[in-house]
Amino acid sequence: VLDPELEIADQAFPPSSTQPSALKIQDKEIRAVFLWLFAQLFQGYRWCLHIIRIHPEPVIRFHKAAFLGQRALSEDDFLMKVLDGMAFAGFVSERGPPYRSTDLFDELIANEVERIRQEQSDPHKVMNHVKELAEHLFKNENPYPAVAMHRVQRPTESSQSRPIACQSLFPQMDDVAVQLFIDHAAAKLRTAPPVVKAELKEMVPSGPPLADIVDKNGSVLANSARRLEVVKNCISYIFDNKMLEAKKLMPAVLRALKGRAARVCLTQELNQHVLQNRAVLDDQQFDYIVRMMNCTLQDCSHMDEHGIAAALLPLVTAFCRPRW
């Protein structure tokens, strides 16, 4: 925004030089950048607001574990510090009520989530969106376009050279009438109620659920491919009843489960076997599966209750041993 030429600085054949916007528009573009950033960080936050109505005044509580867990951001130190700050507490108390006047930020959270997610990998699309937001902000602050002032033409020299008798004189004004008009207008302004723009309140839209915002199979499993392969192989050996091979890999799997990516991989692999009706295990298979589940839950923090723990809950009741 401040130095648009940096975007094309590395190009071998840059286009014509781009000039920064005017100062009054540049200010709105900087604000639009922060607006886009916070909309991207807090998308889906309204699904994690809990309103407690047992007190005389309702208390709004933000469920941080649910927000981070369902967005697969439990290990994001930056966002955790943001949510723990006093500024975010003020944000929740101010914007948490479900019935209030809405603004541009609420519209971004409710209707532009998919667009923001698609723009994250394309800086050009981000800048186009920022310019749209900046134009919207400028129109909000300047709802009425500037009215062009008509200039009074200067009298010509010939009109000034005419005799005074031929020129039209400005009529004399009555001092008493002018003063009465001024006093009447001042008294009317003093008794008039203050002009306040009525705020239109409405139900604040929540936007799409967190499950629709985050692709849980995305970047979480992009790293540590070797460890994930070990986890998958071990689970396959267990369900194929190759217990000797599974026993060799079990120590490596337990070490790999220290990482979040391996824990997510474990829940997904076990869920696939449940969907294939392979949930009935013999004693040794059941023991290995329980050990891996136990290790997964031991390494989870309290912030994972809506992530790994929630994914394991239906699996714990699905696997069983046959009755003999």
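Throughout what follows, the structure given in this document is the object of discussion. (Residues numbered from 1 in each chain as written. Predicted model: local features only at pLDDT ≥ 70, side-chain atom pairs only at ≥ 80, totals over all residues. Heavy atoms only, no water.)

Comments concerning the pairing of strand 1 (residues 49-52)
Consideration 1: Bridge count between strand 1 and strand 2 (residues 59-62): 4 bridges; the pairing is antiparallel. Each residue of the ladder has a partner; that of Ile-51, found in strand 2, is Ile-60.
Consideration 2: Here strand 1 folds back onto strand 2, and the loop between the two strands holds 6 residues. (Pairing = 2+ DSSP bridges. Helix = DSSP H or I, 4+ residues; strand = E, 2+ residues; numbered from the N terminus.)

Re helix 11 (residues 225-239)
For the α-helix, the turn length of 3.6 residues means that residues three or four positions removed from each other point alike.
Consideration 1: Between its first and last C-alpha, helix 11 extends 21 Å over 15 residues, near the 21 Å set by a 1.5 Å rise per residue.
Consideration 2: Here helix 11 has its buried residues at Leu-228, Val-230, Val-231, Cys-234, Ile-235, Ile-238 and Phe-239. Buried positions in helix 11, seen along its axis, are confined to an arc of 160 degrees and lie on one side of it. More than 90 degrees from the buried face of helix 11, the exposed residues found are Ala-225 and Arg-226.
Consideration 3: Lining the buried residues of helix 11 we find helix 12 (243-256), helix 13 (260-275) and helix 14 (283-298). (Expected span 1.5 Å × (residues − 1). Buried < 20%, exposed > 50% of the residue type's maximum accessible area, 1.4 Å probe, protein only. Arc of directions from axis to C-beta. Contact = heavy atoms within 4.5 Å.)

Here's the deal with the side chain of Gln-40
Consideration 1: As for its placement among the helices and strands, Gln-40 is situated in helix 1 (residues 23-41).
Consideration 2: In contact with Gln-40, not counting residues within four places along its chain, are Arg-71, Ile-116 and Gln-120.

Some points on the nonpolar core
Consideration 1: Core analysis: the biggest nonpolar cluster contains 31 residues, and Val-231, Ile-238, Leu-270, Ile-289, Met-292 and Phe-319 have the highest contact counts within it.
Consideration 2: Elements with a contribution of two residues or more to this core: helix 11, helix 12, helix 13, helix 14 and helix 15 (308-318).
Consideration 3: Looking at which element gives the most residues to this core, the answer is helix 11, with 7 residues.
Consideration 4: Among residues more than four places away in sequence, those in contact with Ile-238 are Met-243, Ala-246, Met-250, Gln-285, Tyr-288, Ile-289 and Met-292. (Core = buried A, V, L, I, M, F, W, Y, C linked by side-chain atoms within 4.5 Å.)

Some remarks on the pattern of salt bridges
Consideration 1: For the coordinates displayed, the defined rule picks out 14 salt bridges.
Consideration 2: Between Arg-117 and Glu-114 there is a salt bridge, and its shortest N-O distance comes to 2.5 Å. Here Arg-117 pairs with Glu-114, and both are found in helix 6 (residues 113-119), just 3 residues apart, close to one helical turn.
Consideration 3: Across the pair Arg-115 and Glu-132 runs a salt bridge whose closest N-O atoms are separated by 3.2 Å. Pair noted here: Arg-115 is in helix 6 and Glu-132 is in helix 7 (residues 123-141), with a separation of 17 residues, a long-range link.
Consideration 4: Beyond isolated ion pairs, a larger network of salt bridges with shared partners links Asp-27, Lys-28, Arg-31 and Glu-141. (Salt bridge = Lys/Arg side-chain N within 4 Å of Asp/Glu carboxyl O.)

A look at the packing of helix 13 against helix 14
Consideration 1: Where helix 13 meets helix 14, the axes come as close as 10 Å, and the angle between the chain directions of the two elements is 140 degrees. Note that helix 13 runs across helix 14; the crossing there is left-handed. Between helix 13, through Arg-263, Leu-266 and Leu-270, and helix 14, the contact on the second element is made entirely by Ile-289, Met-292, Met-293 and Thr-296.
Consideration 2: Split into classes, the residues belonging to the contact of helix 13 with helix 14 amount to 5 nonpolar, 1 polar and 1 charged. (Axes fitted to C-alpha atoms, helices over the stretch in contact; angles between N-to-C directions. Left-handed = near helix turned anticlockwise from the far one by under 90°. Nonpolar A, V, L, I, M, F, W, Y, C, P; charged D, E, K, R; others polar.)

Some details on the packing of helix 11 against helix 13
Geometrically, a packed helix pair is captured by the angle between its two axes and the distance between the axes.
Consideration 1: At their nearest, the axes of helix 11 and helix 13 sit 9 Å apart, and the two run at 30 degrees to each other. Classified by the angle between their axes, helix 11 and helix 13 sit roughly parallel to one another. Crossing of helix 11 over helix 13 shows right-handed handedness. From helix 11, Leu-228, Val-231, Lys-232, Ile-235 and Phe-239 reach across to helix 13, where they touch Ala-261, Ala-262, Cys-265, Leu-266, Glu-269, Leu-270 and His-273. (Parallel < 35°, antiparallel > 145°, perpendicular 65-115°, else oblique.)

A closer look at helix 12
Consideration 1: The terminal C-alpha atoms of helix 12 lie 19 Å apart, and with 14 residues this matches the ideal 20 Å at 1.5 Å per residue to within 8%.
Consideration 2: Maximal helix bending in helix 12 amounts to about 45 degrees, located at Met-250; proline Pro-251 follows within four positions.
Consideration 3: Buried residues of helix 12: Met-243, Ala-246, Met-250, Val-253 and Ala-256, and no others.
Consideration 4: Tucked into the core, helix 12 has its buried residues touching helix 11, helix 13 and helix 14. (Bend = angle between axes of the 7 residues up to and from the residue.)

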